[in-house]
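# Working through the structure, step by step
One-letter residues, chain by chain:
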Amino acid sequence: MKREWNFQFPLEEIEGFDWHRGKWTNEYYHYFYRRFSSHILSRLFLEDNQKVLVIGCGFGFDEKNIKSLNKTIELWSIDISEEMIKRAIQNQSPSHFLIGVAEKLPFPDHCFDRVLAREVIEHVVEPKAMLQEIGRVLKEGGRTVITTENHRSFAPSHRYDGFIKPKMAKFFQVTLPKSPYKNEAPAMDRTRSEAKGAGLTLVEFFRDGA
């Protein structure tokens with residue numbers, strides 16, 4: 001039986017997505033992804049004819065949901081991965097796509113009303129530069145929503161990768177391969193200071209609980 005979740009926003013194409021994290025975890029991730037998405041969309045405060053930038057397009061789900069909420073919004077997306085942009089385009093995500101890095105956005109000053117960076121800041125080489133670039137491209141009075149992982153989470157993948165896997169490696173005296181990309185959530189105090197230096201004013205800090 002398909003379960004109906006009661007959220008503020010209708011979200012597209014989540015239940016059918018395979019997270020590739022185990023046979024019994026898809027429903028778990030469907031639920032938290034939808035909940036987290038609702039938190040994010042509610043804090044963007046979308047309005048007619050706004051210009052919105054998504055940093056890190058992934059499969060293009062956020063762009064699809066933003067457009068489904070307001071057809072008049074103009075969407076732009078960047079990603080460092082050409083492969084992810086191809087996947088988002090194949091997924092018919094309604095955005096303009098560019099290959100680029102968050103630390104040097106290929107856009108003029110003060111051209112976006114909203115910027116969304118979902119689970120990106122932990123992967124960029126220079127988070128401070130990313131925040132400065134977001135501050136640069138935002139219009140006066142614009143808003144950005146920036147999310148990052150909670151590495152203390154007890155989600156199944158975090159429990160395995162962060163706790164169980166290292167203990168097993170230590171017990172069996174094997175060396176775990178290093179990740180091919182950076183994955184380090186920034187310290188909150190440092191992020192607050194760097195955001196202020198980038199001309200951003202923190203209006204809300206929240207934990208999703210996932």
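Preceding this section is the structure that the text describes.
The following paragraphs examine the structure supplied in this document. (Residues numbered from 1 in each chain as written. Predicted model: local features only at pLDDT ≥ 70, side-chain atom pairs only at ≥ 80, totals over all residues. Heavy atoms only, no water.)

### A short note on the layout of surface pockets
Empty space within the second largest pocket amounts to approximately 190 Å³. In terms of lining residues, the second largest pocket is bounded by Val125, Pro127, Lys128, Lys182, Glu184, Ala185, Pro186, Ala187, Arg190 and Glu194. For the lining of the second largest pocket, the class distribution of residues is 5 nonpolar, no polar and 5 charged. (1 Å grid on protein atoms, 1.4 Å probe; cavity = no way out; pocket = protein on both sides within 12 Å on 5 of 7 lines; lining within 4 Å. Points joined across faces, edges and corners; volume = space filled by probe spheres on them. Nonpolar A, V, L, I, M, F, W, Y, C, P; charged D, E, K, R; others polar.)

### Section: the sheet that holds strand E4 (residues 112–118)
Either a parallel or an antiparallel arrangement is found when strands of a sheet pair, and the pairing is made through backbone hydrogen bonds. Spatially, 5 strands are ordered E3-E2-E1-E4-E5 in an open sheet, and the strand pairing comes out parallel. Only two strands of the sheet have a single partner each, and these edge strands are strand E3 (96–99) and strand E5 (138–147). Put simply, the sheet's adjacent strands are angled 20° from each other on average, direction ignored. By the bridge criterion, 6 bridges tie E4 to E5 in an arrangement that is parallel. If you follow Arg118 over to E5, its bridge partner there is Thr147. Packed onto the sheet, helix H3 (residues 82–90) meets strand E2 (74–79) and E3 and runs at close to 170° relative to E3. (Pairing = 2+ DSSP bridges. Helix = DSSP H or I, 4+ residues; strand = E, 2+ residues; numbered from the N terminus. Axes fitted to C-alpha atoms, helices over the stretch in contact; angles between N-to-C directions. Contact = heavy atoms within 4.5 Å.)

### Here's the deal with helix H6 (residues 188–197)
For H6, the complete set of buried residues consists of Thr191, Glu194 and Ala195. All buried residues of H6 project into a common sector of 105° when viewed along the axis, lining one side. Away from the buried face of H6 by more than 90 degrees, exposed residues Asp189, Lys196 and Gly197 are located. One or two residues past the end of H6 sits Gly199, with phi positive at roughly 85°. (Buried < 20%, exposed > 50% of the residue type's maximum accessible area, 1.4 Å probe, protein only. Arc of directions from axis to C-beta.)

### Overview of the pairing of E2
Alignment of strand E1 (residues 51–55) against E2, held across 5 bridges, turns out to be parallel. Each residue of the ladder has a partner; that of Ile55, found in E2, is Ile78. Tracing the backbone out of E2, into H3 and back to the parallel element E3 gives a crossover that is right-handed. (Right-handed = clockwise from strand over helix to strand, strands pointing away.)

### A few points about the packing of aromatic side chains
For the structure shown, the criterion picks out 5 aromatic pairs. Here Tyr31 and Phe32 contribute two aromatic rings whose centre-to-centre distance is 5.0 Å and whose plane-to-plane angle is 70°, an arrangement assigned as edge-to-face. Between Phe107 and Phe112, the ring centres sit 5.0 Å apart and the planes meet at 90°, which makes this aromatic pair edge-to-face. Like Phe112, Phe107 is buried. Three or more aromatic residues link up through ring pairs in this structure, and these residues are Tyr33, Phe59 and Phe61. The side chain of Arg118 reaches across the aromatic face of Tyr33, ending 4.2 Å from its centre. Between the NZ or CZ atom of Arg192 and the centre of the ring of Phe205, over which it lies, the distance is 5.3 Å. (Phe/Tyr/Trp six-rings, centres within 6.5 Å; stacked < 30°, edge-to-face > 60°. Lys NZ or Arg CZ within 6 Å of the ring centre and 35° of its normal.)

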